[in-house]
Amino acid sequence: MSTNTTAPLATIASLSAYEGQVVTLRGWLYNLRSSGKLLFPTFRDGSGTIQGIVPKAAVPEDVFETLKSLTLESSLVVTGLVRADSRAPSGFELDVHDVTITQRIPDDTPYPIQLKEAGVDFLMEHRHLWIRTPRQSAILRVRATIMRAAAEYFDTHDFTRTDPPILTPNACEGTSELFEMDYFGDDKAYLTQSGQLYIEATALALGKVYSFGPTFRAEKSKTRRHLTEFWMIEPEVTYLDLDGLMDLAEGFLTHIVTRVLESHRNELKVIGKDISKLEAIIAPGHFPRLSYDEAHQMLLDAHAKGLIEHPHTYGDDFGSPDETYISNQFDKPVMVHRYPAAVKAFYMQPDPNDPTKALCVDVLAPEGYGEIIGGSQRVDSYDLLKSRIEAHNLPMDAFQWYLDLRKYGSVPHSGFGMGIERCVAWICGLEHVRETIPFARTLNRIYP
Ligand code: 4AD
Ligand code: MG
């Protein structure tokens, strides 16, 4: 079998530019149906899938026989005529002329992931192969766009990207969730939980900055929202107050959803996401803003009406069912601000009108996806920050440099962090964050 070298190399995603032409595709056999003297192989090439038509009478016999017995996920190069077909998911079908096998998977070691339903444990164990299926590939494409759009928003709004270290001498969020490692014998190092403390320093150098990278939490929680390794994007801005921070979060999320809708309606269909829910995000109107006190009252009312099981206790953080109830009251992400300082991080600026509250915001995604963004105005007084570090039993030595930022030209400043995987889970409508990242790291899994 010879590959037709004159046919231009194309990708399945770009076939609309080749209608009526013979092209070469490099891909894999995704599925195969046959009915007598007709074969219907489905090819995938990473950019999409397309159904091929192979009538026995129309192709050389070896092409027909090769395809007829070909094992699924064998790699190949195929040439054929691109024909528009409105019933095909991609809009096209391929009249196969020729095929060259790159690697044929032997019959006795078939591809382990079958098209039938497999349990999620099995699929996670074979994640390196599971990502080849259309739904998983579509999720990864949407993830890439979310990451690009997130960075693009800051790049086009005068932010400078500054990369914080991953190996750090101190905690940023809870000390109970730190991955600890030995650093050349004498010192301990920790995998970063957030770049925030470092980008506070770069913000004081550059004004508007952001960081974007992997972060780590030794979370003992086995929930559908928690990973031990995830990607966070974090802006930090000098002279920005809480209201300005909420404006920033709103513009940022609107941009991301706009970009996803621009390029991924097909993928969202494959994934099974209700697109109208995303269109509501970018429709005119602001994201609702709710104080902690207002959210608390909303939960008490809901409990009185029997809409939620447990009454919310004033002063406590919101549980998952609380967040779900609150977010379900709105079509857009809801920004809950001014939580009790006692349930929030040490670096948050107290509200001057009620110092028991922190000038912070959690953005809760619609449809019960919970917190996707957490942020705050930062303590800018040296004395207050020092007493907070003491009160939280944090090692003062490791925070000297961070205190310096309040000693030398301190200014009000604010920032937030968004976990990419939480955002992907929400935008794609996924049950669990493990499907939002190529290789999820959780309490129970570090393979493959
Ligand atoms: O709310 P968090 O802990 O805030 C911070 O880390 C701040 N230092 C950020 C800042 O102000 N610059 O985390 C921020 C976001 C959460 O809203 C969530 O989206 C995500 O990070 N996140 C996780 N995602 C997946 N798995 C986990 N275990 C996560 N923990 C936090
Ligand atoms: Mg948080």
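Just so we're clear, the structure is a prediction, and the values are computed from it rather than from any experiment.

Rules behind the numbers
- Residues numbered from 1 in each chain as written.
- Chains lettered and ligands numbered in written order.
- Predicted model: local features only at pLDDT ≥ 70, side-chain atom pairs only at ≥ 80, totals over all residues.
- Heavy atoms only, no water.
- Core = buried A, V, L, I, M, F, W, Y, C linked by side-chain atoms within 4.5 Å.
- Buried < 20%, exposed > 50% of the residue type's maximum accessible area, 1.4 Å probe, protein only.
- Helix = DSSP H or I, 4+ residues; strand = E, 2+ residues; numbered from the N terminus.
- Contact = heavy atoms within 4.5 Å.
- Expected span 1.5 Å × (residues − 1).
- Polar contact = N/O pair within 3.5 Å; in protein donor to acceptor, adjacent residues only side chain to side chain.
- Axes fitted to C-alpha atoms, helices over the stretch in contact; angles between N-to-C directions.
- Parallel < 35°, antiparallel > 145°, perpendicular 65-115°, else oblique.
- Left-handed = near helix turned anticlockwise from the far one by under 90°.
- Nonpolar A, V, L, I, M, F, W, Y, C, P; charged D, E, K, R; others polar.
- Pairing = 2+ DSSP bridges.
- Arc of directions from axis to C-beta.
- Domains from an automatic or database assignment.
- Near = heavy atom within 4 Å.
- Areas by Shrake-Rupley, 256 points an atom, 1.4 Å probe, with all protein chains shown as cover.

### Observations regarding the nonpolar core
Argument step 1. With 64 residues, the main nonpolar core has F252, W426 and I427 as its most contacted residues.
Argument step 2. Of all the elements, helix α6 (residues 242-263) adds the most residues to this core, at 11 residues.
Argument step 3. With near-sequence residues (within four places) excluded, W426 lies in contact with L253, V257, K273, I281, P333, A365, P366, E367, Y369 and I372.
Argument step 4. Core analysis: the second largest hydrophobic core is formed by 32 residues, L197, A358, I389 and L394 among them.

### Describing α6
Argument step 1. Given a rise of 1.5 Å per residue, 22 residues ought to cover 32 Å, and the 32 Å separating the end C-alpha atoms of α6 matches this to within 8%.
Argument step 2. Near the N-terminus of α6, the side chain that reaches the backbone nitrogen of D243, with its oxygen 3.3 Å away, is that of D241.

### Digging into the packing of helix α4 (residues 134-155) against α6
Argument step 1. Where α4 contacts α6, the axes come no closer than 9 Å and their chain directions differ by 140°. Taken as axis vectors, α4 and α6 run oblique relative to one another. In this structure, α4 crosses over α6, and the sense of that crossing is right-handed. Between α4, through V142, T145, I146, A149, A150, E152, Y153 and F154, and α6, the contact on the second element is made entirely by L248, G251, F252, H255, I256, R259, V260 and S263.
Argument step 2. When the residues that make up the contact of α4 with α6 are grouped by side-chain class, the tally is 10 nonpolar, 4 polar and 2 charged.

### Concerning the packing of helix α9 (residues 292-304) against helix α10 (residues 320-328)
Argument step 1. Interhelical geometry of α9 versus α10 gives an angle of 95° and a closest axis separation of 10 Å. As summarised for this structure, α9 and α10 are arranged roughly perpendicular, according to the angle between their axes. For the pair α9 and α10, contact is made by A295, M298, L299 and A302 and by D322, Y325 and I326, respectively.
Argument step 2. The class makeup of the residues in the contact of α9 with α10 is 6 nonpolar, no polar and 1 charged.

### Things to note about the pairing of strand β10 (residues 208-216)
Argument step 1. With 7 of 9 residues buried, β10 is to be regarded as a mostly interior element.
Argument step 2. Sheet analysis places strand β6 (residues 160-161) next to β10, joined by 2 bridges and oriented parallel. Counterpart to R161 in the pairing with β10 is Y210.
Argument step 3. Here β10 runs beside strand β11 (residues 229-238); their pairing, made up of 9 bridges, is antiparallel. Bridge pairing links F212 to I233 in β11.

### Details of the side chain of R143
Argument step 1. When you line up the elements, R143 lands in helix α4.
Argument step 2. Classification of R143 as buried rests on a relative accessible area of 6%.
Argument step 3. Aside from chain neighbours lying at most four places away, what touches R143 is W231, I420, E421, V424, T436, I437 and P438.

### Overview of α9
Argument step 1. For α9, which comprises 13 residues, the first-to-last C-alpha distance of 18 Å matches the rise-based estimate of 18 Å (1.5 Å per residue) to within 8%.
Argument step 2. Turning to α9, its buried residues are Y292, A295, H296, M298, L299 and A302. In a view along the axis of α9, the buried residues occupy a sector of 160°, so they form one face of it.
Argument step 3. Packing partners of the buried residues in α9 comprise β12 (289-291), α10, β13 (334-337) and β15 (354-358).
Argument step 4. Positive phi appears at G306, one or two residues downstream of α9, with a value of about 75°.

### Topic: the sheet that holds strand β7 (residues 167-168)
Argument step 1. The strand order across the open sheet formed by 3 strands is β7-β9-β8, and the pairing between neighbours is antiparallel. Edge positions in the sheet fall to β7 and β8 (180-183), since each of these pairs with one other strand and no more.
Argument step 2. Judged from the 2 bridges that link them, β7 and strand β9 (residues 187-191) form a sheet pairing that is antiparallel. The residue of β9 that forms the bridge with L167 is L191.

### Quick notes on the domain arrangement of the protein chain
Argument step 1. In terms of domains, the protein chain is made up of domain 1 (12-103) and domain 2 (127-436).
Argument step 2. Computed over C-alpha atoms only, the centres of domain 1 and domain 2 are separated by 45 Å.

### As for the site of ligand 1
Argument step 1. Taken together, 23 residues lie near ligand 1, and E173, Q196, E234, E371 and I372 sit nearest.
Argument step 2. Contact distances for ligand 1 include 3.5 Å between an oxygen atom and a backbone N or O atom of I373.
Argument step 3. Compared with its free state, where it exposes 630 Å², ligand 1 has 94% of that area covered by protein.
Argument step 4. Mapped onto the shell around ligand 1, the elements with two or more residues apiece are β11, β17 (370-377) and β18 (413-419).
Argument step 5. By residue number, the principal contributor to the shell around ligand 1 is β17, which donates 5 residues.

### Remarks on the pairing of strand β4 (residues 75-84)
Argument step 1. The element β4 is largely enclosed, with a buried count of 7 among its 10 residues.
Argument step 2. Strand direction decides the pairing type here: strand β1 (residues 22-35) and β4, joined by 7 bridges, are antiparallel. Along β4, the bridge assignment pairs G27 with L76.
Argument step 3. The pairing of β4 with strand β5 (residues 92-103) spans 10 bridges and is classified as antiparallel. In the sheet register, V78 faces β5, and the bridge partner there is V99.

### Quick look at the sheet that holds strand β2 (residues 38-44)
Argument step 1. Judged by pairing direction, the barrel is mixed, and its 5 strands sit side by side in the order β1-β2-β3-β5-β4 before closing back on the first. Looking at each pair of strands side by side, their axes are set apart by 55° on average, direction ignored.
Argument step 2. In terms of strand pairing, β1 meets β2 through 7 bridges, oriented antiparallel. When the sheet's bridge partners are listed, W28 is paired in β2 with R44.

### As for the side chain of S194
Argument step 1. Relative to the elements of secondary structure, S194 occurs in the loop between β9 and α5 (196-206).
Argument step 2. Of note is the side chain of S194, whose polar atom sits 3.0 Å from the backbone nitrogen of Q196.
Argument step 3. In contact with S194, not counting residues within four places along its chain, are C172, T215, R217, M232 and E234.

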